[in-house]
Amino acid sequence: MASSSYQNESQGANNRFSQNVEKREKIGKIFELLFLIGLSIGLVVLALLVFDVFKDGFDRLIAPGFLNETPSRFSDKGGIRPAIFGSILLGILVMLISVPIGVGAAVYLEEYAPKNWWTTLIEINISNLAGVPSIVYGLLGLGVFNYLLGFGPALLSGALTLSLLSLPVIIVTAREAIRAVPNSIREASYGIGVTKWRTIWHHVIPYAVPGILTGVILSVSRAIGDAASLIVVGAVSFLTFDPGLFQRFMALPIQIYTYITRPEPGFANAAAATIIVLLALIMILNGAAIYIRQRFVSMR
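From a predicted model like this one, the values you see are computed outputs, not experimental measurements.

The rules behind these values
Residues numbered from 1 in each chain as written. Predicted model: local features only at pLDDT ≥ 70, side-chain atom pairs only at ≥ 80, totals over all residues. Heavy atoms only, no water. Helix = DSSP H or I, 4+ residues; strand = E, 2+ residues; numbered from the N terminus. Rg over C-alpha atoms; globule rule 2.2 N^0.38 Å. Buried < 20%, exposed > 50% of the residue type's maximum accessible area, 1.4 Å probe, protein only. Contact = heavy atoms within 4.5 Å. Areas by Shrake-Rupley, 256 points an atom, 1.4 Å probe, with all protein chains shown as cover. Lys, Arg positive; Asp, Glu negative; His and termini not counted. Charge placed at Lys NZ, Arg CZ, Asp CG, Glu CD. UniProt positions renumbered as here; feature names shortened; annotations may be inferred. Expected span 1.5 Å × (residues − 1). Bend = angle between axes of the 7 residues up to and from the residue. Polar contact = N/O pair within 3.5 Å; in protein donor to acceptor, adjacent residues only side chain to side chain. Axes fitted to C-alpha atoms, helices over the stretch in contact; angles between N-to-C directions. Parallel < 35°, antiparallel > 145°, perpendicular 65-115°, else oblique. Left-handed = near helix turned anticlockwise from the far one by under 90°. Nonpolar A, V, L, I, M, F, W, Y, C, P; charged D, E, K, R; others polar.

Q: Is there a simple way to explain the overall build of the chain in this structure?
A: Looking only at helices and strands, the chain features 10 helices and 0 strands. If you list the helices and strands of the chain from N to C, you get α-α-α-α-α-α-α-α-α-α. Whereas a compact globule of 300 residues would reach a radius of gyration of roughly 19 Å, the chain reaches 26 Å, over 25% beyond that. The buried share of the chain, taken over its 300 residues, is 39%. Within the chain, contacts between residues separated by at least 24 positions form 72% of all contacts whose residues are at least 6 apart in sequence. Summed over all atoms, the accessible surface of the chain reaches about 17,200 Å², with 68% contributed by carbon and sulfur. If the 22 positive side-chain charges of the chain are averaged to one point and the 17 negative ones to another, these points end up 4 Å apart.

Here it is in structure tokens:
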């Protein structure tokens with residue numbers, strides 16, 4: 001009797017467990033379907049936007065002089081060469097400034113900094129800074145780089161402002177990438193007498209490069225496409241020369257904003273063509289970073 005009762009209870013428990021598993025699988029499939037629908041809607045909307053941009057801007061894009069001439073007050077004349085040159089310089093300077101500082105800060109916080117209330121406060125503030133609107137960084141750049149340091153509304157001020165905008169994302173993602181490196185790699189290096197710095201430089205950072213480059217891709221793409229902070233810092237919408245480091249500058253987002261605000265219908269097509277150029281520039285930079293990331297992944 002006792003054995004039969006035990007078997008019945010065991011069989012009942014197994015049945016309840018099986019029903020629970022089936023229920024969770026059904027819920028999981030429902031959520032999977034909902035997420036797939038959400039992804040599909042986002043991709044469809046993105047495809048429609050890209051199609052609309054190409055439809056409006058392709059003819060203007062292939063027009064003679066659009067990529068290699070300076071702007072004009074006529075919608076069917078002139079080009080965006082100073083804006084392209086300025087955006088490329090901004091992207092290069094942002095990477096040269098923000099990547100070493102961001103990775104260095106991440107290495108210090110993750111490998112060297114003591115775990116106390118001060119570092120905890122710094123970490124919380126860095127995470128919060130990643131969500132600050134870009135116009136706030138523009139006001140900071142205006143006060144510090146334009147006026148306090150005396151750079152004025154120059155390309156260097158814009159690059160430093162965008163670097164501040166990029167730093168929180170790079171630091172957070174670089175810390176996560178460094179934290180994901182297995183401790184066994186560090187311990188094996190220490191076991192053969194290698195110093196901590198050489199362990200970090202030759203083993204930890206190369207292993208974390210793919211994750212670090214993910215943060216670089218996200219931050220630089222956001223910086224190149226940002227317009228609010230550049231407007232505050234002093235980017236202009238018309239230049240007859242390619243900008244230098246300490247000169248007034250143009251950028252593709254500012255050029256798009258300027259074209260959109262013009263009442264003539266032809267400027268809408270010019271704005272669409274400029275959007276295509278900006279998308280191409282971002283894709284080229286992202287493609288280069290993804291290629292480097294995959295090379296490091298294959299070298300592991």
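Q: Any chance you could explain the UniProt feature "transmembrane region" (unreviewed entry) in the chain here in plain terms?
A: Look at the UniProt record and you will see "transmembrane region" (unreviewed entry) annotated at residues 33–51, 83–109, 129–149, 199–221, 227–246 and 267–292. Counting secondary structure, residues 83–109 comes out at 100% helix and 0% strand; the distance between its end C-alpha atoms is 37 Å. With 100% helix and 0% strand, the stretch residues 199–221 has end C-alpha atoms that lie 31 Å from each other.

Q: Quick question: what am I supposed to make of the environment of Glu123 here?
A: Residue placement: Glu123 occurs in helix α3 (residues 117–129). Residues Glu123 and Ala272, spaced 149 residues apart in sequence, show a C-alpha to C-alpha distance of 40 Å. For Glu123, the residues in contact, after removing those within four places along its chain, are Lys115 and Arg175.

Q: Any chance you could explain the environment of Ile256 here in plain terms?
A: Turning to its location among the elements, Ile256 is positioned in helix α9 (residues 252–261). The spatial distance from the C-alpha of Ile256 to the C-alpha of Gly150 is 28 Å, given a sequence separation of 106 residues. For Ile256, the residues in contact, after removing those within four places along its chain, are Ala271, Thr274, Ile275 and Leu278.

Q: Is there a simple way to think about helix α2 (residues 81–112) in this case?
A: In an α-helix there are 3.6 residues to a turn, and that puts residues three or four apart on one side. Its 32 residues place the ends of α2 45 Å apart at the C-alpha level, agreeing with the 46 Å of an ideal helix rising 1.5 Å per residue. At Ser98, α2 shows its strongest bend, of approximately 25°, with the proline Pro100 following within four residues.

Q: Would you take a moment to explain the UniProt feature "domain: ABC transmembrane type-1" (unreviewed entry) in the chain for this structure?
A: With numbering aligned to this structure, UniProt lists the feature "domain: ABC transmembrane type-1" (unreviewed entry) at residues 84–286. As annotated, residues 84–286 comprises 77% helix and 0% strand, and the C-alpha atoms at either end are separated by 17 Å.

Q: What exactly am I supposed to notice about the side chain of Asn146 here?
A: One can find Asn146 in helix α4 (residues 134–148). Within the local environment of Asn146, its side chain forms a polar contact with the backbone oxygen of Val233, the two atoms lying 2.7 Å apart. Sequence-distant contacts of Asn146, defined by excluding residues within four places in its chain, comprise Gly141, Phe151, Gly152, Pro153, Ser157 and Val233.

Q: Teacher, can you tell me more about the packing of α2 against helix α7 (residues 196–224) here?
A: Where α2 contacts α7, the axes come no closer than 9 Å and their chain directions differ by 135°. In terms of orientation, α2 and α7 fall into the oblique class. The two elements α2 and α7 cross, and the hand of that crossing is right-handed. For the pair α2 and α7, the contacting residues are Gly91, Val94, Met95, Val99, Val103, Val107, Glu111 and Tyr112 in the first and Lys196, Trp197, Ile200, Val204, Ile205, Ile212, Val216, Val220, Ala223 and Ile224 in the second. Partitioned by chemical class, the residues of the contact of α2 with α7 number 15 nonpolar, 1 polar and 2 charged.

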